[in-house]
Amino acid sequence: MTTATATKLPPSNHEFAEVIHRLEAGGAMLPDTPENLMQIIGIYKAYAVPMDFYWRDLLYIAERVFLNPLPFFKYFLPQEYLDLHNHYAGDDADLRIWRGEATAHPELLAFMQKGETTQMPKLFHHLLHDRVNMEFAEACMRAMLWHRGMGGKFDPYLDTPEYKAAADRAIKAYFKGNPAMLGLYKLFPEMFIEQVRQLSYYANLGLFWEVMAPVFFEMSDRYDCGEITSVPEAMTFLVNGIFAVAGRPIYHHVYIGGECYEIIPKSCGFTWLYEAALPYVEAVFYRTAPFRGTKSYNAQAEQVPAEQKDFHYGILYADVNPVGTAGIPPTLLMQDMLHFLPPYLVDYYQKHCRGEDDMLIQLGVSFQRSMYCVTSAVIQALRTALLYPLDDQNPKHLQANREFFEAQIDRFKRPEARLRDVQSQSYR
């Protein structure tokens, strides 16, 4: 695939020159092969179903569970949140991205009833861990909370007097009639405010994933219908989706005693792209934190970076081994996706796996490929917003685009990065 860039600029001297040229041609970091396309679309579908639970439960915890000191049932979604309409699906959508229904996905509801075992009371499914692994979603939220300051105005707002005043009103309303908790709040106000900050990140991530679930469902449906036939087409759909919902409000409301407390009101003007999507990609795709047991957290051992900017433990760098954690690699998510794989991906894994126990590994590798495609869409979206069209006729503009792409790809020069691996189909 060629563009005007190829004729107006000399070849790149970057270590990943082939990837740079592919991005300049409107492609993705991931090579355009039918096998890659099948893997990433199948994974998007398998990811979207548990994500439909994640975003609903994140909002439920942020809006209803709130500061419950013993939140034993925070993963027990009430019917109200299962019926909650996604703003980007269904006939009453603000912007209809997915052609399906707005309420919880049928495959999700069926799994919640039977799990991997059989139909039984919800509590037994929970205790047997036969359920959607919300711990993964919370790990992503905590990565965003820990890697604060990733751009946008949302995070700085959490330290403002306005935010603290709104949180104070909600805290006092929630613990009204509970002198013991109000006494603790008086003694340790910052501890309570910090918990509310965390809950604001629950809301942030829930509102982010409310968009991504219908995007992935729609991509799966379009692939099944033959409307998405290449990796660049899949990436372009993601880029268009990013811009279509870029202005979606990010807020945090809490419902106490039938009254809504606006901890972060919509009037703040925080938006999906800058306050949720970009911080999420930076904190979760790139950074996160090393899983305890893979690195020593002892300062004298110096195995964990001293600087936050040097963290590189996200899915783009992960060594996909099933260590059983919500950190790196995301084994709990892999287990969730296993239940919702489309038949063509199951067939593919049966062909290439070393037995059924190897399927989680292969699924994790496919997930890694799919997230390189999503990251490519983010990079292309940023280039569209900040720089020049790919077919711009001005060589200086094309050079600026190239320098932007090269700077983005520089992050994958680290030996841990999997960009080299995903260039080959033999990476399984």
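Here, the structure is the one placed above.
These remarks concern the structure in this document. Per chain, residues are indexed from 1 in the order of the written sequence. This being a predicted model, a pLDDT of at least 70 is required before a residue's local features are given, and a value of 80 or more before pairs of side-chain atoms are given or counted; all residues contribute to the totals for chains, interfaces and linings. As a rule here, side-chain values cover all heavy atoms of the structure and leave hydrogens and water aside.

1. Describing the pattern of salt bridges
Where side chains of opposite charge bring their charged atoms close, a pairing between them can arise.
Point 1. The rule for a salt bridge is simple: a side-chain nitrogen of Lys or Arg has to be within 4 Å of a carboxyl oxygen of Asp or Glu. Tallied over the full model, the rule gives 24 salt bridges.
Point 2. Between D410 and K413 there is a salt bridge, and its shortest N-O distance comes to 3.4 Å.
Point 3. Take K413: its relative accessible area is 39%, and that puts it in the partly exposed class.
Point 4. Residues participating in the shared-partner salt-bridge network are R148, D155, D159, E194 and R197. We call a residue buried when its accessible area falls under 20% of the maximum for its residue type, exposed when it is over 50%, and partly exposed in between, using a 1.4 Å probe and counting protein chains only.

2. Notes on helix 7 (residues 134-146)
Point 1. Under the DSSP-based scheme used, a helix requires at least four consecutive residues in state H or I and a strand at least two consecutive residues in state E, with every element numbered from the N terminus. Working rule for helices: expected span equals 1.5 Å times residues minus one. Between the first and last C-alpha of helix 7 there are 18 Å, a value that for 13 residues agrees with the 18 Å anticipated at 1.5 Å per step.
Point 2. M134, F136, A137, E138, C140, M141, A143, M144 and L145 are the residues of helix 7 that are buried.
Point 3. Packing partners of the buried residues in helix 7 comprise helix 3 (34-65), helix 11 (189-224), helix 13 (272-287) and helix 14 (331-338). Note on contacts: a residue pair is in contact if any heavy atoms of the two residues lie within 4.5 Å.

3. Details of the packing of aromatic side chains
Aromatic ring pairs are reported here in terms of the distance separating the ring centres and the angle at which the planes meet.
Point 1. Two aromatic rings from Phe, Tyr or Trp, using only the six-membered ring of Trp, form a pair when their centres are within 6.5 Å; if the ring planes differ by under 30 degrees the pair is stacked, by over 60 it is edge-to-face, and anything between is tilted. Scanning the entire structure with this criterion turns up 31 aromatic pairs.
Point 2. Ring geometry for Y280 and F285: centres 5.6 Å apart, planes at 70°, overall edge-to-face.
Point 3. Given the relative accessible area of 4%, Y280 is considered buried.
Point 4. Taken together, a centroid distance of 5.7 Å and an interplanar angle of 80° make the contact between F311 and Y313 edge-to-face. Each member of the pair, F311 as well as Y313, carries the same accessibility label: buried.
Point 5. Taken together, the aromatic side chains of Y54, F136, F208, W209, W272, Y280 and F285 make up a single cluster linked through ring pairs.
Point 6. A cation over an aromatic ring shows up here: K266 above the ring of Y251, its NZ or CZ 4.7 Å from the ring centre. Two limits define a charge over a ring: the Lys NZ or Arg CZ must be within 6 Å of the ring centre, and within 35 degrees of the ring normal.

Read these as layout, nothing more, since geometry by itself doesn't imply function.
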